[in-house]
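Inside the fold
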Amino acid sequence: MRIVTGPMQRAALLALLVLWTMAGPAIAATVGTETGLPIPRYVTLRAKEVNVRAGPGVRYPIEWVYQRPNLPVEVIAEFDTWRKIRDPDGTEGWVHQQMLSGRRAVLVIGAERLLRRTPEPNAPTVARLEIGVIGWLDGCRQDWCEVDVAGMDGWIPRSHIWGVRADEALNK
């Protein structure tokens with residue numbers, strides 16, 4: 001069987017081929033090469049002290065040491081057992097996967113914020129949260145996220161925290 005194609009069909013086929021080859025790397029870049037998990041993604045620091053290195057391995061120098069367990073960080077790359085992370089200040093470096101936890105936390109940003117009983121701007125206040133307070137992320141609905149801060153459960157606008165993307169769907 002012979003398929004007859006004209007100039008228009010060949011042009012359309014060529015355009016599809018070009019789009020397919022360009023989309024391949026873009027699709028591959030959205031999941032980790034080691035874990036198959038989304039890149040970027042949020043995780044937390046597991047230990048009281050976490051060494052951050054200049055590159056993915058112990059042969060690279062330690063650039064600094066985090067001393068804040070449960071701090072949310074963003075995984076932006078993977079190499080073997082190493083993860084390149086970005087912290088809330090935008091600083092990047094490499095840490096070993098064992099120093100990270102998949103449990104989600106968020107960091108209060110911008111100014112003092114109110115934790116509300118329900119996801120409404122005028123809902124009763126549960127607590128006042130200072131900048132830098134860490135809370136465990138329970139889930140998000142549209143513009144609000146439910147968090148647990150030191151045993152107090154409540155809601156905070158997504159724009160008031162770091163550790164969850166604006167478009168990320170997180171159901172409880």
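Each remark here, short or long, concerns the structure printed above.
In this text, all values refer to a predicted model and were calculated from it rather than measured experimentally.

On a plain count of helices and strands, the protein comes out with 1 helix and 14 strands. A burial count over the protein gives 38% of its 172 residues as buried.

To continue, consider the environment of P124. Position of P124 among the secondary structure elements: in the loop between β9 (113–116) and β10 (125–129). Counting along the chain gives 30 residues from P124 to G154, while the straight-line C-alpha distance between them is 9.8 Å. Residues within four places of P124 in sequence aside, it is in contact with L115, R116 and R117.

This part covers the packing of aromatic side chains. Tallied over the entire structure, the rule returns 2 aromatic pairs. Between Y42 and W162, the ring centres sit 5.1 Å apart and the planes meet at 85 degrees, which makes this aromatic pair edge-to-face. Of this pair, Y42 sits in strand β1 (residues 41–45) while W162 sits in strand β14 (residues 161–162), and the two are 120 residues apart along the sequence. Owing to a relative accessible area of 11%, Y42 belongs among the buried residues under this scheme. Among the residues examined, W162 registers a relative accessible area of 16% and is labelled buried. With a centroid separation of 6.1 Å and 85 degrees between ring planes, the pair formed by W64 and Y66 is classed as edge-to-face. By relative accessible area, W64 is classed as partly exposed at 23%. In this structure, R103 is placed above the aromatic ring of W136, and the distance from its NZ or CZ to the ring centre is 3.6 Å.

L45, Y66, L71, V73, I85 and L100 are the most contacted members of the largest nonpolar core, which totals 19 residues. Looking at this core, the elements that each hand over two or more residues are β1, β2 (50–53), β4 (72–79), β8 (105–108) and β11 (134–141). The greatest single-element share of this core, amounting to 3 residues, is contributed by β1. Not counting residues up to four positions away in its chain, the partners in contact with L100 are V43, T44, L45, R46, V73, V75, R83, I85 and V95. By size, the runner-up hydrophobic cluster in this structure holds 14 residues, among which are V106, V108, V149 and V164.

What follows concerns the side chain of E168. Summarising the element assignment, E168 is placed in the segment after β14. Of the residues examined, E168 reaches a relative accessible area of 11% and is grouped as buried. Among the polar contacts listed, one links the side chain of E168 to the side chain of R104, at a separation of 2.9 Å.

Applying the stated criterion across every chain yields a total of 7 salt bridges. Residue E92 is joined to R86 by a salt bridge in which the shortest nitrogen-to-oxygen separation is 3.1 Å. Residue E92 is classed as partly exposed on the basis of its relative accessible area, which comes to 31%. One salt bridge connects E168 with R104, and the closest N-O pair in it is separated by 2.9 Å.

Cut-off values and rules
Residues numbered from 1 in each chain as written. Predicted model: local features only at pLDDT ≥ 70, side-chain atom pairs only at ≥ 80, totals over all residues. Heavy atoms only, no water. Helix = DSSP H or I, 4+ residues; strand = E, 2+ residues; numbered from the N terminus. Buried < 20%, exposed > 50% of the residue type's maximum accessible area, 1.4 Å probe, protein only. Contact = heavy atoms within 4.5 Å. Phe/Tyr/Trp six-rings, centres within 6.5 Å; stacked < 30°, edge-to-face > 60°. Lys NZ or Arg CZ within 6 Å of the ring centre and 35° of its normal. Core = buried A, V, L, I, M, F, W, Y, C linked by side-chain atoms within 4.5 Å. Polar contact = N/O pair within 3.5 Å; in protein donor to acceptor, adjacent residues only side chain to side chain. Salt bridge = Lys/Arg side-chain N within 4 Å of Asp/Glu carboxyl O.

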